[in-house]
Every structure is written in C-alpha cells, then in structure tokens.
Amino acid sequence: HQPSRPYILAEHEVASLLKATATLEPTFGSPLRREVFRLGLVLLYTAGLRRRELLRLKIGDYDPAERTLLIRVSKFYKSRVVALSPDAAREIEAYLAIRRRRRHGTSGEAPLLVNWWGSTPTAGRAYSGPGFAHGLRQLLQNAKVRTPAGRLPRVHDFRHSFAVHALVRWYRAGADVQAKLPFLAAYMGHVSIASTQHYLPFVESLAVSASERFARHFAALVVPQVGATS
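Remember, it's a predicted structure, so these values are computed and weren't measured experimentally. (Residues numbered from 1 in each chain as written. Predicted model: local features only at pLDDT ≥ 70, side-chain atom pairs only at ≥ 80, totals over all residues. Heavy atoms only, no water.)

Outline the packing of aromatic side chains, supporting the account with residue identities and numerical values.
Across all of its chains, the model carries 4 aromatic pairs by this definition. Seen in terms of ring centroids, Phe-37 and Phe-132 are 5.0 Å apart; in terms of plane orientation they differ by 10°. Their pairing is stacked. A residue pair is termed long-range when its members are at least 10 positions apart, and Phe-37 in helix α2 (residues 33–47) and Phe-132 in helix α5 (residues 129–143) qualify at 95 residues. For the pair shown, Phe-37 and Phe-132 are each scored as buried. Where Tyr-127 meets Phe-132, the ring centres are 6.4 Å apart and the plane angle is 85°; that geometry is what we call edge-to-face. Neither residue differs from the other here; Tyr-127 and Phe-132 are each classed as buried. Three or more aromatic residues joined by ring pairs form one cluster here, namely Phe-37, Tyr-127 and Phe-132. (Phe/Tyr/Trp six-rings, centres within 6.5 Å; stacked < 30°, edge-to-face > 60°. Helix = DSSP H or I, 4+ residues; strand = E, 2+ residues; numbered from the N terminus. Buried < 20%, exposed > 50% of the residue type's maximum accessible area, 1.4 Å probe, protein only.)

For the environment of Phe-28, give the residues involved together with the corresponding values.
Take Phe-28: it is sitting in the loop between α1 (11–20) and α2. Overall, Phe-28 belongs to the exposed group, its relative accessible area being 85%.

Tell me about the environment of Asp-63, and please be specific about residues and values.
Of note, Asp-63 is situated in strand β1 (residues 62–63). For the pair Asp-63 and Ala-83, spaced 20 residues apart in the sequence, the C-alpha separation amounts to 9.7 Å. Only 3.1 Å separates the side chain of Asp-63 from the backbone nitrogen of Glu-66, close enough to count as a polar contact. (Polar contact = N/O pair within 3.5 Å; in protein donor to acceptor, adjacent residues only side chain to side chain.)

Tell me what's going on with the sheet that holds β1, and back it up with residues and numbers.
Reading across the sheet, the 3 strands line up as β1-β2-β3 and stay open at both edges, with antiparallel pairing between neighbours. Where the open sheet ends on each side, the last strands, each with one partner, are β1 and β3 (80–83). With 2 bridges joining them, β1 and strand β2 (residues 68–71) adopt antiparallel strand pairing. The residue of β2 that forms the bridge with Tyr-62 is Leu-69. (Pairing = 2+ DSSP bridges.)

Quick rundown of the pattern of salt bridges? Include the residues and the values.
For the coordinates displayed, the defined rule picks out 8 salt bridges. Two residues, Glu-91 and Arg-38, come together in a salt bridge whose shortest N-O distance is 2.9 Å. Taken as a pair, Glu-91 in helix α4 (residues 86–102) and Arg-38 in helix α2 lie far apart in primary sequence, 53 residues in all. Glu-91 sits in the partly exposed class, given a relative accessible area of 21%. Among the ionic pairs, Asp-61 bridges to Arg-72, the shortest N-O distance being 2.7 Å. Of this pair, Asp-61 sits in the loop between α3 (51–55) and β1 while Arg-72 sits in the loop between β2 and β3, and the two are 11 residues apart along the sequence. Through salt bridges that share partners, Arg-50, Glu-53 and Arg-80 make up one connected network. (Salt bridge = Lys/Arg side-chain N within 4 Å of Asp/Glu carboxyl O.)

Mind laying out the pairing of β3, listing which residues take part and the relevant values?
Because side chains alternate across β3, one face comprises the buried residues Arg-80 and Val-82, and the other comprises Val-81 and Ala-83, none of which is buried. Two strands pair when backbone bridges link them, and β2 and β3 are joined in this way by 4 bridges, in the antiparallel orientation. Pairing of Leu-69 across the sheet is with Val-82, part of β3.

Below, the structure written as structure tokens:
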C-alpha cells in the first residue's frame, strides 16, 4: 500500500480556515457549531492531535492550571498529557465561557466538542468522525483551501502540518533537530522515532530551512577551486 502524500497547510491557509468558521450556520442540535469547529481546528493544528483523540476529549481532560490536555488510551493503548500553547489555552477558556453563559453542559464528563445538546449538564453527544469531517470539508470549500491537485486536504493533514512546522521552527532556531525528535514522538503519542518520521516528509520548506542552516554554518568552508570547470 502506497500512503497518500500529505498536504502541509500553510499558516495563511489555517488563518483563512479559522476566519471561515464564522460562515458556519448554527443548527438546533449544535447552536455552537462555529465555536466548536474553531476550537477543533486550533487543537488539531497546535497540538497535532489525531481526529479520534480530538473527538473523545471531555471537558475534564483540560487542566486550566497547567494548560494541558489529557489524551486517554489512544493509539497503541497509550495515554499522555499534552502541553498547550498559550493561544490554544485561551481558545479553550473562551469556548468554555460561552458554554457556561449559555448553560450548555459544562460538567467534567461532558464532551468538549458537542454535536447534540441534552437536557442535563452531563448529557450531550460528541461529534462523530464522519460528522466532523463533513463540517471540515465545508470549511475548506468556504475558505478555498485545496491541494495543488485540486482536492480538499484531509483531517489528518493537520497532524502532518503540525509535525513539519515544528521541525521547520527548530531548523530556523538552530536547534539540534535529531535530539528533539524523541520529544516530538512522545508529544504525538508515537511508540518510536520511526513512527514520527512518517509524519515528517522532506517537503520543500524543510529542504530550504536545512539548506539555509548549512549555509550559515559551513558556507565559508565551501571554496571553489581555481580553474575548476562546471
């Protein structure tokens, strides 16, 4: 089986998608549809979550004091604690404030991304995988985000984008990328670095960053020989 080549979303494309969440119409069962998809996009892109991990989150999995998310028994039967960026934590806080204001199930056992509201504080149903993917496709169409081949990016492409953008930031900061790969593997819930490498295709942005870093450190050593011909 030949895996599909991932599409790495650019930062401006993610920004367009976040803006496009305002175009989603609320429904009777999901009055916070816009807010739900905005938060979902933020967590996919900034925390590199799998779709299943995102949709299984409960409100109690968020620790506001530590600004972390508890990912329960995910792939490979592993649980982990994911540290959030300050922006991602603020997005969760803003989302939960709206839920409290509208009295939409804020108990610890309530699903974080709810598609249907019940009549009690703990009632509610999380988005299904197909349901979330359908809403994301609508967002991608509204924001006019497509791959060079003209297809819509997949939910999993956000996870690829998270990993590749992390590697690019390390290259640009001059960090020891090889030494940091185990940390990225643990953060993403992989069993080994080999699994992480699957999410780090050598795309053009990485090649450019690697070339720039090489030039900064070793350009002075690359001296053309006199009389050399091409």
